[in-house]
Every structure is written in C-alpha cells, then in structure tokens.
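# Coordinate inspection notes
Listed here are the chains, written in short residue letters.
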Amino acid sequence: MEKGGRKAGFTLMYPSDDKLRSDLALVVADQARALGIEITTKGSTWDGIYIDGKANAVTWGGGRHHAHQLYSMYSSKVIDTGYNNMPQYSNPAVDRHLDRALSATTQAEANKHWKQAQWDGETGFAGEHGDAPIIWLVRIDHLYLVRDGLHLGDQLIQGHGHEWALFNTLAQWRWEK
C-alpha cells in the first residue's frame, strides 16, 4: 500500500518479557501485511519503550474504570510525564474538553466534556472522523481467582489498571454449597 509514493509501514514495539504482547504484535503485523501495511515488530524493555515508544506504536495496556485515564492518555499537558500520552498527541479542542471535565462541578457536566473530548461534532480523539492517536486492538478478560463454591458476585468487565477491580464486589462474595 502506498500514498504519494510512500509505502505504508511502521514499527510496533512490545515489552520483550511479555509473551501476550509480543504475540499480539506478531499477529497484528501478520494481519496488516495482508492489507499491504508493513509492520516491523520490536521487543524492548520498558525503559526503551519510554524513549522509543514516543515515535513508534506500542502494544499498550489500558482500560481503567475511570474517565481520568482519558486525560492521562490524550492531554497534551502530560506529554513527557511518565508513560502518559505516549503518542505525543496534541489537540487544543480536546485539551479544553479534558480540562473542563476535570474542573466540572457535577458528574453530569464532567461526563459531557469527557464525551466531547472523544468527539464534539468537529474534532476529538475518537469517532469515525477523530484523530485516533491510539487504536484499541483487543479487550482481554482478566481472571484473578477461581475456587469451587466461591461466588464472587456480579463481576463487571475488569479494567487493565492496577486497581484490583475484582474487589469491587467484595460485599457480594459468598460461599455456595
């Protein structure tokens, strides 16, 4: 695949000690090749990804159960602060919506701006016509604990963050006979 004489291709990084993400990178590269896109996979340490991941795609994990993750992923104000906004994404309209969401005085007002940061009818990081600096490839069901007779309540989709969402239903846990 070419555009303007330039072939479609990029490097996709993954942490070399993570088999799941390395396998994901290889499968994505293989499937993209069928579309004429040449993806070079590259294993690295997290320190290497912190440096090189700003100019390359990364098999990243996300999916926390709070909207603030949108800020850490898409606000230009957090570029070069830890692993935040790795693609170095910058959109002034998105920044305004994210800032308004953070300073909102009600949850309804905050939710309105979180949604508008995604797509406000003209711009955003998501939607059919959005910027798409991050592309979600898969959602993995996390499994933390299994034991016959232990009912863990009505589990929601588990976020990828380190919040231990499993315990959100602790009040519903019970032993069944």
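Our subject is the structure listed above.
For the structure given in this document, a descriptive report is provided here. (Residues numbered from 1 in each chain as written. Predicted model: local features only at pLDDT ≥ 70, side-chain atom pairs only at ≥ 80, totals over all residues. Heavy atoms only, no water.)

### Some words on the pairing of strand 3 (residues 9-15)
Where strand 3 and strand 4 (residues 38-44) come together, seven bridges link them in parallel fashion. Its bridge partner lying in strand 4, Met13 is registered against Lys42. Crossover handedness for the path strand 3 to helix 1 (residues 19-33) to strand 4: right-handed. Bridge count for strand 3 against strand 5 (residues 57-58) is two bridges, and the pairing is parallel. Each residue of the ladder has a partner; that of Met13, found in strand 5, is Val58. (Pairing = 2+ DSSP bridges. Helix = DSSP H or I, 4+ residues; strand = E, 2+ residues; numbered from the N terminus. Right-handed = clockwise from strand over helix to strand, strands pointing away.)

### Topic: the packing of aromatic side chains
Here a ring pair, both rings aromatic, is described through the centre-centre distance and the interplanar angle of the planes. Counting across every chain of the model gives six aromatic pairs. The interplanar angle of 85 degrees and the centroid separation of 6.1 Å between the aromatic rings of Tyr74 and Tyr89 together place this pair among those described as edge-to-face. Linking Tyr74 in helix 3 (residues 68-74) with Tyr89 in the loop between helix 3 and helix 4 (92-103), this pair joins segments that are 15 residues apart in sequence. Since its relative accessible area comes to 3%, Tyr74 is described here as buried. Centroid distance Tyr74 to Phe125: 3.6 Å. Interplanar angle 10 degrees. Geometry classified as stacked. Here Phe125 lies in the loop between helix 5 (107-118) and strand 6 (150-151) and Tyr74 lies in helix 3, a separation of 51 residues in the sequence. Among the aromatic residues, those joined into a ring-pair cluster are Trp46, Tyr50, Trp60 and Tyr83. It is Lys54 that lies over the ring of Tyr50; its NZ or CZ is 3.9 Å from the centre. (Phe/Tyr/Trp six-rings, centres within 6.5 Å; stacked < 30°, edge-to-face > 60°. Buried < 20%, exposed > 50% of the residue type's maximum accessible area, 1.4 Å probe, protein only. Lys NZ or Arg CZ within 6 Å of the ring centre and 35° of its normal.)

Keep in mind these numbers describe shape, not what the thing actually does.
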